[in-house]
Amino acid sequence: MSQDIDIEGDLVTRVEGHGEIVVNATDGQLEACEWHVVESPRFFESMVVGRDWDEIHHIVSRICGICSVTHTMTGLKAVEDAMGVELSEQDVKLRKLALAGETLQSHVLHLGYLALPDLVGAKSVVPMANTHEEEVRTVIRLHKLGNELIETVAGRSTHAQRTIPGGFSQLPSEAELRDLRASLEGSWNDVETVVDLVLSLADELPEFTRETEFISLTDPDEYALYNGVPYSSDTGELDLADYREIVNEHVVEQSTAKFTKHNRDSYMVGALARFNNNYEQLGPMATAVADRFGLKPVCHNPYLNNVAQLVETAHLIERSIELIDSVLESGLEAQSDYHKPDVDVTAGQGVGAIEAPRGILFHEYTLDETGTALEGNCVIPTNQNHANIQLDMERLVPTIIDQPEGEIEHTLEMLVRAYDPCISCSTHYLDVEFVDTLPER
Amino acid sequence: MTSKPKVAFFDFAGCEGDQLEIINLEERLLDLVEVVEVVSFREAMSEHSDDYEIAFVEGSITTPHDVERLEEVRSNADTVIAIGSCAAFGGINSIRNEQDFQTVTERAYGEDAAMFDDPDAELFDSFEQAQPAKAFVEVEYEVPGCPIDGEEFIQTVTAILQGGDPSLANHPVCVDCKLAENTCAFDRGEICLGPITRGGGCDATCVSQGTRCWGCRGLVDNPAEDAYSEVLQEYGVTTDELLNEFTLYWSWQREHGPQADMQEVEQ
Ligand code: SF4
Ligand code: SF4
């Protein structure tokens, strides 16, 4: 069966930001197969220039609402690196806790609100409130738990204020941490419910594999999220200072869109990359979840990124409980409500990397001796996954080209959604189209 | 207005944090969909319909394509509500409004910044300034904040559904700070924008969390006369000094005034 296909330029829904899929075929012959990013540029690299060292994290937080904690903390890490600021052990633990809250919130949002409707054949989570009321309420409870974690530690779930250069302006109380611990302990049934639901629908996840390289942070002591060094599944540990050579942004001839690549033509970042690279360090509950899906490293099916997120959801709850216990055991060292860490403002250049929910995120700032930013650079996860999405599509489409157009589109949309692209944070995303097929936006 | 009005959400240049704050209403979102019918919410649903009475717009307007889309939204909706500071008055995106645009593009795109001059590179057709929705179309109401406060959003929707007027509060953040019993940021040696920032929705959350007010809800009406002048006098700061101190959120508003309505803006 040879058909004409024309999938052109509708915004992919249930992703963060604006992206479009373009597939054209005549007589079953594939002519175009492209993943476009059509987000308006926002110029954060310029917006930070001329700003003070203690404003940068506030500004870059606004790159993305869904991973604002990660952007804040990556900005802080880069500034702290530039000025040689050390954090106390307690502050690091609390930052890890806030980050766990954000990743939990984001994974549940992505899985429950954005991806799950595909699996149950719904257009959004709203009708699911009637068909799967209990499950939807469970998803909401877990989502809320992630937000509670951020609020307790960082003060507000979106664009939180308490994380500042050198530490925190304010700390949670021991009582608040204990309450939080109880909520975390009480969430296992909910996790179980979501695991059961996704497991019952796992057949809906397309079987598709394409070997690729996985890049994430890695750390000898723990499943790396806040600390660690960059690591490639192909080439091993990498040097953070060389992050530009890791991401290697470049223009490829056949596409004119800016891609990133490391050892191959593309690499993947995000939950599946972390799972593949750091599987051994997952907690027991998380490993049990992976076992129920038969998920083992190295998994090359991008659709299973959603399952990796579920595995990490369990891990984040386990890890948060551990972190709270560890803070409480050593006794929470209190500080004033309007604390300002002692920071020696110096000139310097610093790089920070953190695992955002969607993958490794790099920020770099150059500061003058007054702590004013002279330059900034942010390399976001979606940017790094772009080439991988594109190459997946090129491999996948020929295998499904005989299916009805609607099916093809649905399968590709699911692929894009599996990556959880966070396109609105495309700070310096370059997707240039010279050809006449530029889709109507 | 019908008993269950149709509402739609649209996002322009922004971080989608305001839409997230709506999703963060959690169970109360289920109550909300009891009283309104959501017909478009790209971040959370695949359906889309052009048949709606109330449109919420998020993010600032930065490209000619944004303007086209915004005008279409305006012509479909009875009521347009700007949510978040980007949509209400340009917000954080407008930091670049005070920078030279050529430099702005070069800092973000390096040598590829030439694309911004290429008429064939449509995606790079970008305005030199980030502007709010009201610079292009009439906007009935605003819910400012970066991000918006979920509670204030609910209050706004409730007021509209009941035929009320969800106009903005007109007192500075200082008032909320006093209610929250915060130590004044000026007392702590910080420069705080609370005296000239519109309060009434955020409970002075940033000061309560140990930092200062950055001005995210925009200028309070008539900041020159009505701002919390005792505070400013006490610390020997003038409104103008304060206005000039920070340009995080106000680059557009400083030029056009807090209540700026639609005006001729070069496109
Ligand atoms: S106002 Fe703030 S929260 Fe809303 S879109 Fe703009 S940057 Fe994001
Ligand atoms: S305190 Fe100021 S910066 Fe913070 S939310 Fe309120 S208005 Fe915005």
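It should be emphasised that the depicted structure is a prediction, and the values quoted were computed from it without experimental measurement.

Q: How do you make sense of the domain arrangement of chain A when you look at a structure like this?
A: You'll often see interface size given as the accessible area lost when the parts meet. You can read the domains of chain A as domain 1 (5-37) and domain 2 (44-404 + 411-426). If you average the C-alpha positions of domain 1 of chain A and of domain 2 of chain A, the two centres end up 27 Å apart.

Q: Is there a simple way to think about the packing of aromatic side chains in this case?
A: For any two aromatic rings, the description comes down to two numbers: the centre-to-centre distance and the angle of the planes. As enumerated under the stated definition, the model contains eleven aromatic pairs over all chains in all. With 5.7 Å between their ring centres and 80° between their planes, Phe43(A) and Phe101(B) make a pair best called edge-to-face. Remark: Phe101(B) occurs in helix H5 (residues 101-109) and Phe43(A) occurs in the loop between strand E3 (29-37) and helix H1 (44-47); the pair is interchain, linking two chains. Judged by relative accessible area, which is 0%, Phe43(A) ranks as buried. The buried category is assigned to Phe101(B), whose relative accessible area is 11%. For the pair Phe56(B) and Phe153(B), a centre-to-centre distance of 5.1 Å together with 55° between the ring planes defines the contact as tilted. A residue pair is termed long-range when its members are at least 10 positions apart, and Phe56(B) in strand E3 (residues 54-58) and Phe153(B) in helix H6 (residues 150-161) qualify at 97 residues. Phe153(B) shares its class with Phe56(B); the two are buried. An aromatic cluster of at least three residues, connected via ring pairs, comprises Phe9(B), Phe41(B), Phe56(B) and Phe153(B). For the cation-ring pair, Lys77(A) lies above Tyr226(A), with the distance from its terminal atom to the ring centre recorded as 4.4 Å. When the ring centre of Trp214(B) is taken as origin, the NZ or CZ atom of Arg212(B), which lies over that ring, is 4.4 Å away.

Q: Explanation requested: the sheet that holds strand E7 (residues 229-232) of chain A in the structure shown.
A: Strand pairing in a sheet relies on backbone hydrogen bonds. The paired strands run either parallel or antiparallel. Residues and elements named next belong to chain A. With mixed pairing, four strands are arranged side by side in an open sheet as E8-E7-E6-E11. The outermost strands of the open sheet, each flanked by one partner alone, are strand E8 (236-237) and strand E11 (267-268). In this sheet, E11 lies alongside strand E6 (residues 213-218) in parallel orientation, the contact comprising two bridges. Paired with Glu213 across the two strands is Tyr267, which belongs to E11. Helix H10 (residues 271-278) rests against E6, E7 and E11 of the sheet, and its axis sits at about 75° to E6.

Q: I'm lost on the UniProt feature "binding site: Mg(2+)" (unreviewed entry) in chain A in this one. Help?
A: Residue and element names in this part refer to chain A. In the numbering adopted here, UniProt assigns the feature "binding site: Mg(2+)" (unreviewed entry) to Glu45 and His428. You can see Glu45 is positioned in helix H1. According to the relative accessible area criterion, Glu45 is buried, its value standing at 1%.

Q: Where do I start with helix H12 (residues 305-329) of chain A in this structure?
A: Residues and elements named next belong to chain A. End to end, H12 covers 35 Å across 25 residues, agreeing with the expected 36 Å (1.5 Å per residue, within 8%). Counting buried positions over the 25 residues of H12 gives 21, a clear majority of the element. Of the residues one or two after H12, Gly331 is the one with positive phi, at around 80°.

Q: Looking at this model, I keep getting lost on the sheet that holds strand E14 (residues 373-379) of chain A. Mind explaining?
A: Residues and elements named next belong to chain A. Taken in spatial order, the three strands of this open sheet run E12-E13-E14, and their pairing is antiparallel. Both outer strands of the open sheet, strand E12 (348-356) and E14, are each paired with one neighbouring strand and no more. Averaged over neighbouring strand pairs, the angle between their axes works out to 15° when direction is ignored. One ladder, built from nine bridges, connects E12 with strand E13 (residues 359-367); its direction is antiparallel. Counted as the bridge partner of Ile354 is Leu361 from E13. Strands in contact with helix H3 (residues 68-83) are E12 and E13; relative to E12, the strand with the most contacts, it is inclined by about 150°.

Q: Any chance you could explain the pattern of salt bridges here in plain terms?
A: Opposite charge on two side chains permits pairing when their charged atoms draw close. Within this structure, the stated rule accounts for 34 salt bridges over all chains. Here Arg210(A) ties to Asp392(A) by a salt bridge, and the two come within 2.6 Å at their closest N and O atoms. Of this pair, Arg210(A) sits in the loop between helix H8 (188-201) and E6 while Asp392(A) sits in helix H13 (residues 381-400); the two residues are 182 residues apart in sequence, bridging distant segments of the chain. For Arg210(A), a relative accessible area of 8% puts it in the buried group. Given the relative accessible area of 1%, Asp392(A) is considered buried. A salt bridge links Arg417(A) to Glu413(A), with the nearest nitrogen and oxygen atoms 3.4 Å apart. Of this pair, Arg417(A) and Glu413(A) both sit in helix H14 (residues 405-418), four residues apart, which is roughly one turn of the helix. The residues Arg417(A) and Glu413(A) share a single accessibility class, namely buried. Connected through shared salt-bridge partners, Asp54(A), Lys340(A), Arg188(B), Glu190(B) and Arg212(B) make up one network.

Q: Is there a simple way to explain the site of ligand 1 in this structure?
A: The immediate surroundings of ligand 1 are formed by 14 residues, with Cys15(B), Asp18(B), Ser85(B), Cys86(B) and Cys146(B) found nearest. The site occupied by ligand 1 is bordered by residues of chains A and B. Its residues assigned to classes, the shell around ligand 1 comprises four nonpolar, six polar and four charged.

Q: Quick question: what am I supposed to make of the site of ligand 2 here?
A: The full set of residues close to ligand 2 is Arg156(A), Val173(B), Thr197(B), Cys202(B), Ala204(B), Thr205(B), Cys206(B), Cys213(B), Trp214(B), Gly215(B), Cys216(B) and Arg217(B). Mapping the residues adjacent to ligand 2 onto the chains of the assembly identifies chains A and B.

Reading the values: the criteria
- Residues numbered from 1 in each chain as written.
- Chains lettered and ligands numbered in written order.
- Predicted model: local features only at pLDDT ≥ 70, side-chain atom pairs only at ≥ 80, totals over all residues.
- Heavy atoms only, no water.
- Domains from an automatic or database assignment.
- Phe/Tyr/Trp six-rings, centres within 6.5 Å; stacked < 30°, edge-to-face > 60°.
- Helix = DSSP H or I, 4+ residues; strand = E, 2+ residues; numbered from the N terminus.
- Buried < 20%, exposed > 50% of the residue type's maximum accessible area, 1.4 Å probe, protein only.
- Lys NZ or Arg CZ within 6 Å of the ring centre and 35° of its normal.
- Pairing = 2+ DSSP bridges.
- Contact = heavy atoms within 4.5 Å.
- Axes fitted to C-alpha atoms, helices over the stretch in contact; angles between N-to-C directions.
- UniProt positions renumbered as here; feature names shortened; annotations may be inferred.
- Expected span 1.5 Å × (residues − 1).
- Salt bridge = Lys/Arg side-chain N within 4 Å of Asp/Glu carboxyl O.
- Near = heavy atom within 4 Å.
- Nonpolar A, V, L, I, M, F, W, Y, C, P; charged D, E, K, R; others polar.

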